[in-house]
Amino acid sequence: MTAVTAHAGEKMQQKDMTRPLLEGKDISVTFGRGAEAFDAVRAASVTVHGGEAVGIVGESGSGKTTLARALVGLQRPSAGEVWLEGQPLFSAGTEQRMPRSERWKTQMIFQDPYSSLNPRMRVWQAVAEAVQVWQNLSGAEARMEALRLLNAMGISDDQARQFPKSLSGGQRQRVSVARALAPDPKVLIADEPTSSIDQSAQAQLLNLLRRLQSERGLAIIFISHDLGLVRYLTSRVYVMQKGDIVEAGKTQDVLERPQHSYTQLLIDSIPGR
Amino acid sequence: MCQQKEREIEPLLEVKDLCISFGKGGGRKLPVIDAANLSLDQRQAVGIVGESGSGKTMLCRALIGTLPRHGAGIVSGTVRFDGQELAGAPERVWRGIRGREIGYIPQSSLAGLNPVLTVETQLVESITAVGSFSRQEARQEAAGLLEKVRIPRAQQVLKARSHQLSGGMRQRVMIAAAIAQGPKLLIADEPTTALDVTIQREILSLITQLRQELNMALILVSHDLAVIEEVCDDVMVMYAGASVEAGPVAALSKAPRHPYTRALRVSRVDRAVPGQDLEAIPGDAASVGSWPAGCRFWPRCALADEACRRDTQPALMPTAQQLSACIHAERMAELEQ
């Protein structure tokens, strides 16, 4: 963990709590046209400050993944704007793509660590590829950097020489995190990162994400349908239902005094309550 | 719960020292389960918890006689169900058991339904398998089954195909098919894994209600201890092909006697304090084919010593109110410091 904490001090100083790091303003995403049109997200506004961990919760189909994809530029919103560090990244209606010079700042890890890594690339190669996309390094230097990132995620040099199929789900997910950290991003979006891995691996991954946030100042958007995870990891939360943000606030307040009946239903559904 | 039971009655199901290996015949054998033990009374609900690769699903498949035909086989051990030995039983015997006596809900409800047939066709198939039903009667029975699993607008759902149904609805149809012949035992293999928490809650309470209405025993497989604690009386914990702890849910949750059971509990995020590290189990789960010698949990265990590394996987032994396969079961308190 020591390697990744080097930037922590610098990052903390940059943190400006008055101006959000990443901001989505009235984002709508509509799939299809005319009578077939389906609003996956309706006028959702989200802000994330530097070093902050924010949760988006809701059921399958509530629009949480679509909203997150719009925030990182993987999904063009049909209305609304996305701002990063006070600069408009893109707005609906324009053909402009997210500029390459900005793209490194937001990175994402996905739900399924089995399908998000190339099965024919060795683990270190998958990470070195990402390193070379973002940093102007020679092959040998990129390899060193990839191994450094992987070691910091608890993946040994030995494991880095394997193909993804030889790794467990939890290890693969940590490889995905190493890959996402290659450009030293400011925001990491984690889309249900623990839902397909075993419980003992879950705890390892959550500890890792929490440290990246607290020690390195990485902002994390954590998408989950599990309020237990969100309670543990985030300080603010947005609750989505059928494309709308129905409740938002400090995680503790929302969980202790939910204002919306849907939030209450989610809380009551946690196993063991 | 189960302490007051009269022990003279033979359990409904008893699995003793079951070993299952891949690779039959003369070739190299790869054990996937080598010490599974499970005991279940009439109408009792037992949970099986463990991580992927621990052998939960293989055990279930052995209990309904659907181990991969050319791949895996029971090497040793016994499976007694309702007074009958099922380990190594021929297919003819299994036909009288599977579905009729033991109902099964597989892990993936999407894969469990045939995408080109309507729900009605598939349920009628389950019902007529017992015989002596006219088509008309079977159809009425199918509609009745959907009502039993609380599906509103049953007639509409009967005409639907699986892709037109939500995940929760599909799981209800799978449950309807599993209980069609009134089994004594229902096995549910991770029935809520892919579902949202709200739907999970509905499915779990449906299973509990049906169990009471139909006087069924239940085996619920899950990787989530919280789910099992909600539904079951007893729990059996599996690690790397072996039963490592078994007993009443309350005993295992208050005072686990195997370090792995304890680790599963303390690494849970719903008990964690925000801002503090979770107590993660170090390392990775032992995978099939690379089980360590000695107790399989020792490389990840804080109590492990020379004896754990040297001896073979310990058998389940009585301790406190449960059974534990840890030779240091009495030293569990040390882990709390």
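Residues numbered from 1 in each chain as written. Chains lettered and ligands numbered in written order. Predicted model: local features only at pLDDT ≥ 70, side-chain atom pairs only at ≥ 80, totals over all residues. Heavy atoms only, no water.

Labelled according to an unreviewed UniProt entry, chain B appears under the name ABC transporter ATP-binding protein, originating from Caldilineaceae bacterium SB0664_bin_27. Recorded in UniProt under Subcellular location (unreviewed entry), the annotation for chain B is "Cell membrane". (UniProt positions renumbered as here; feature names shortened; annotations may be inferred.)

As annotated in an unreviewed UniProt entry, chain A is ABC transporter ATP-binding protein from Caldilineaceae bacterium SB0664_bin_27.

Engineer: Any chance you could break down the pairing of strand β3 (residues 45–49) of chain B for me, citing the residues and the numbers?
Structural biologist: All names here are of chain B. The element β3 is extensively covered by neighbouring structure, given that five of its five residues are classed as buried. Residues Ala45, Gly47 and Val49 of β3 are buried on one face, and the alternating residues Val46 and Ile48, pointing to the opposite face, are buried as well. Relative to strand β8 (residues 217–222), β3 runs parallel, the two sharing five bridges. Within β8, the position partnered with Ile48 by the bridge is Val221. By the bridge criterion, four bridges tie β3 to strand β9 (residues 234–239) in an arrangement that is parallel. Within β9, the position partnered with Ile48 by the bridge is Met236. (Buried < 20%, exposed > 50% of the residue type's maximum accessible area, 1.4 Å probe, protein only. Helix = DSSP H or I, 4+ residues; strand = E, 2+ residues; numbered from the N terminus. Pairing = 2+ DSSP bridges.)

Engineer: Account for the nonpolar core, naming residues and giving values.
Structural biologist: Membership of the largest hydrophobic core comes to 64 residues, with the highest contact counts inside it found for Leu123(B), Leu146(B), Val149(B), Val173(B), Ile175(B), Leu220(B) and Tyr260(B). Excluding anything up to four places from it in sequence, Val173(B) contacts Leu113(B), Val119(B), Leu123(B), Leu146(B), Ile151(B), Val157(B) and Leu165(B). Counting residues in each nonpolar core, the second largest holds 56 residues, with Ala201(A), Ala203(A), Leu233(A) and Leu266(A) among its members. (Core = buried A, V, L, I, M, F, W, Y, C linked by side-chain atoms within 4.5 Å. Contact = heavy atoms within 4.5 Å.)

Engineer: How would you sum up the environment of Gln322(B)? Please name residues and give values.
Structural biologist: Residues and elements named next belong to chain B. Take Gln322: it is sitting in strand β12 (residues 322–324). C-alpha of Gln322 to C-alpha of Gln42: the two residues are 280 residues apart in sequence and 19 Å apart in space. Aside from chain neighbours lying at most four places away, what touches Gln322 is Glu245, Ala246, Gly247, Ala251, Leu252, Ala255, Pro256, Arg257 and Met317. Of note is the side chain of Gln322, whose polar atom sits 2.9 Å from the side chain of Glu245. (Polar contact = N/O pair within 3.5 Å; in protein donor to acceptor, adjacent residues only side chain to side chain.)

Engineer: A description of the packing of aromatic side chains should follow, citing residues and the corresponding values.
Structural biologist: All told, the structure shown has three aromatic pairs over all chains when counted by the stated rule. Here Tyr239(B) and Phe297(B) contribute two aromatic rings whose centre-to-centre distance is 5.1 Å and whose plane-to-plane angle is 85 degrees, an arrangement assigned as edge-to-face. A residue pair is termed long-range when its members are at least 10 positions apart, and Tyr239(B) in strand β9 and Phe297(B) in the loop between α11 (259–266) and α12 (306–310) qualify at 58 residues. Taking the relative accessible area as the measure of exposure, Tyr239(B) reaches 4% and is therefore buried. Taking relative accessible area as the criterion, Phe297(B) reaches 3% and is therefore assigned buried. Between Tyr260(B) and Phe297(B), the aromatic rings sit 5.3 Å apart at their centres with planes inclined by 65 degrees, giving edge-to-face as the arrangement. Of this pair, Tyr260(B) sits in helix α11 while Phe297(B) sits in the loop between α11 and α12, and the two are 37 residues apart along the sequence. With a relative accessible area of 0%, Tyr260(B) lands in the buried category. Within the aromatic cluster, the residues linked to one another by ring pairs are Tyr239(B), Tyr260(B) and Phe297(B). Lying over the aromatic face of Trp83(A), Lys25(A) brings its terminal NZ or CZ to 4.1 Å of the ring centre. Over the aromatic face of Trp298(B) sits the side chain of Arg309(B), whose NZ or CZ is 5.3 Å from the ring centroid. (Phe/Tyr/Trp six-rings, centres within 6.5 Å; stacked < 30°, edge-to-face > 60°. Lys NZ or Arg CZ within 6 Å of the ring centre and 35° of its normal.)

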